[in-house]
Amino acid sequence: MVCWALRRVGLARAHLARKASGVCRGHEHQPLGPRPAAPGAPGSAVELLGKSYPQDDYSNLTRKVLSKVGRNLHNQPQHPLWLLKERVKQHFYAQYPGRAGTPLFSVYDDLSPVVTTWQNFDSLLIPADHPSRKKGDNYFLNATHMLRAHTSAHQWDLLRAGLDAFLVVGDVYRRDQIDAQHYPVFHQLEAVRLFSRHQLFAGIKDGENLQLFEQSSRSAHKQETHTLEATKLVEFDLKQTLTRLMTHIFGDGLDVRWVDCYFPFTHPSFEMEINFHGEWLEVLGCGVMEQQLVNSAGAQDRMGWAFGLGLERLAMILYDIPDIRLFWSQDERFLKQFRVPDINQKVTFQPLSKYPAVINDISFWLPRENYTENDFYDLVRTIGGDLVEKVDLIDKFEHPKTHRTSHCYRITYRHMERTLSQREVGGIHQAVQEAAVRQLGVEGRCVKHTDPHSPRGPTSEDGHRLCPTSPLRVQQVLQPLDTT
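Numbering of residues starts from 1 in every chain and runs along the sequence as written. Predicted model: local features are reported for residues with pLDDT of at least 70 only, side-chain atom pairs are reported and counted for 80 or more only, and whole-chain, interface and lining totals are derived from all residues. The side-chain quantities take in all heavy atoms of the structure and omit both hydrogens and water.

- Looking at an unreviewed UniProt entry, one finds the chain named Phenylalanine--tRNA ligase, mitochondrial, with Bos mutus as its source organism.
- UniProt positions are given in the numbering used here, feature names are shortened, and annotations may be inferred rather than shown by experiment. Of the chain, the UniProt comment under Function (unreviewed entry) reads exactly: "Is responsible for the charging of tRNA(Phe) with phenylalanine in mitochondrial translation. To a lesser extent, also catalyzes direct attachment of m-Tyr (an oxidized version of Phe) to tRNA(Phe), thereby opening the way for delivery of the misacylated tRNA to the ribosome and incorporation of ROS-damaged amino acid into proteins."
- UniProt, in its Catalytic activity (unreviewed entry) section for the chain, records the words "tRNA(Phe) + L-phenylalanine + ATP = L-phenylalanyl-tRNA(Phe) + AMP + diphosphate + H(+)".

**Thoughts on the sheet that holds strand 9 (residues 266–276)**
Alright, step 1. Strand order in the open sheet made by the seven strands is 3-6-7-11-10-9-8, with mixed pairing throughout. The sheet terminates laterally at strand 3 (106–108) and strand 8 (255–263), the two strands that pair on one side only. Across the sheet, the mean angle from the axis of one strand to that of its neighbour is 25 degrees, orientation sign disregarded.
Alright, step 2. We call two strands paired when DSSP finds no fewer than two bridges between them. Numbering of helices and strands starts at the N terminus; helices are DSSP runs of H or I of at least 4 residues and strands are runs of E of at least 2. Here three bridges tie strand 3 to strand 6 (residues 165–173), and the two strands are oriented parallel to one another. When the sheet's bridge partners are listed, Val107 is paired in strand 6 with Leu167. The axes are straight lines fitted to the C-alpha atoms, using for helices just the contacting stretch, and the angles between their N-to-C directions are given from 0 to 180°.

**What about the pattern of salt bridges?**
Alright, step 1. In what follows, salt bridge is the name for a side-chain nitrogen of Lys or Arg lying within 4 Å of a carboxyl oxygen of Asp or Glu. Counted by the stated rule, this structure contains 27 salt bridges.
Alright, step 2. The salt bridge partner of Asp386 is Lys64, with a shortest N-O separation of 2.9 Å. With Asp386 in the loop between helix 12 (373–384) and strand 13 (388–398) and Lys64 in helix 3 (residues 63–66), the pair connects residues that are 322 residues apart, well separated along the chain.
Alright, step 3. Given the relative accessible area of 14%, Lys64 is considered buried. Type-normalised accessible area, obtained with a 1.4 Å probe on protein chains alone, sets the label of each residue: buried when under 20%, exposed when over 50%, and partly exposed for intermediate values.

Here is the structure:
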């Protein structure tokens, strides 16, 4: 465990970060008060973390998501995400001491998840037409404020405050598909380190003659303002740092490989994969920070690296947790497995009792415009909550004459702690159907019955294969939980 003295150092350094821009100061933490108000129509406001945000046409938060703000699973002692965060902190504190023995890396794990769109996108050089900006993929309070989609939203502010080595940990929010690996709220851990010319070339033969910067052309291996020597040294330090970190978490003898990729805020960029139990798994993204970002934050004489990882993904691999919903469980049978005296103690999750799944299908015609799959997934999550294990789009059809498109979704309901009844699920599914018609403008499809033994299943009146549910019909299948 990290000693209290090191914790005090982190608190002292936090003071420096609060000197960042007025935007950053504007998100000082307030005690989590009453349940957040539900988002409303333009002209209304939503109360969140002690502040009021006017709603507009961009607002798309749901009660389900708002209820998660302030839970901070990564700061709850003995929670599996807290254990993993503490292991990473312990490693960085031990491996990278700064001056006078204090930690080189400061840690920020309580920054507000409410950020501006500038912080989340523009400060990171994300182009205006980049897909990650889409309303359908993010949670907006309004056109100017949102729940952060990544902890990178704080990079610029912390660099501007004069920090050159830090970790940021926090909850992030994205609209996404529904399955055992995806949840609208998850947690990221991000790290940044900058180097001066002296720091980078210290100990290098003839290092006094080497430079960080030059004016040349961009290539697959470097940015136009970086020398190749400096880029290779920063890249080497980054990969060495991450290899040590993953070895600390997963143990010695870990096989690692690097895959070239693209991120708007780093170049060159890489994904790190580890071979765990015979399978290659992607665990994080990283790269040499774009100098334009570093320069805009006031650190023109330095260059550096950054990486970000998902705590849930890493914990699911490390502890063998099969379903991301478990991290939000209050079930004592889950939580007690992670109450260990040593944060480095090996923990292998023991599955809870297996409860059957209930599977319902829903089919509808899409409206002519303004429909995204994430709108439907969000609606299902809002109504079904954590009873929904996954939603699969199992069929698409375009009518040859009207050119209207229909979707058929299969919704799997499963309670983590008890068996669901047919009546209980039927009521929830009916509410999903009615809300889809009312809020998304879809039109339910009618079922034309076929021979019940036919492998094609039911069809619509045009003869197209149709999933067996419309607003008038529900198919229910009991299915045991497969934890293999």
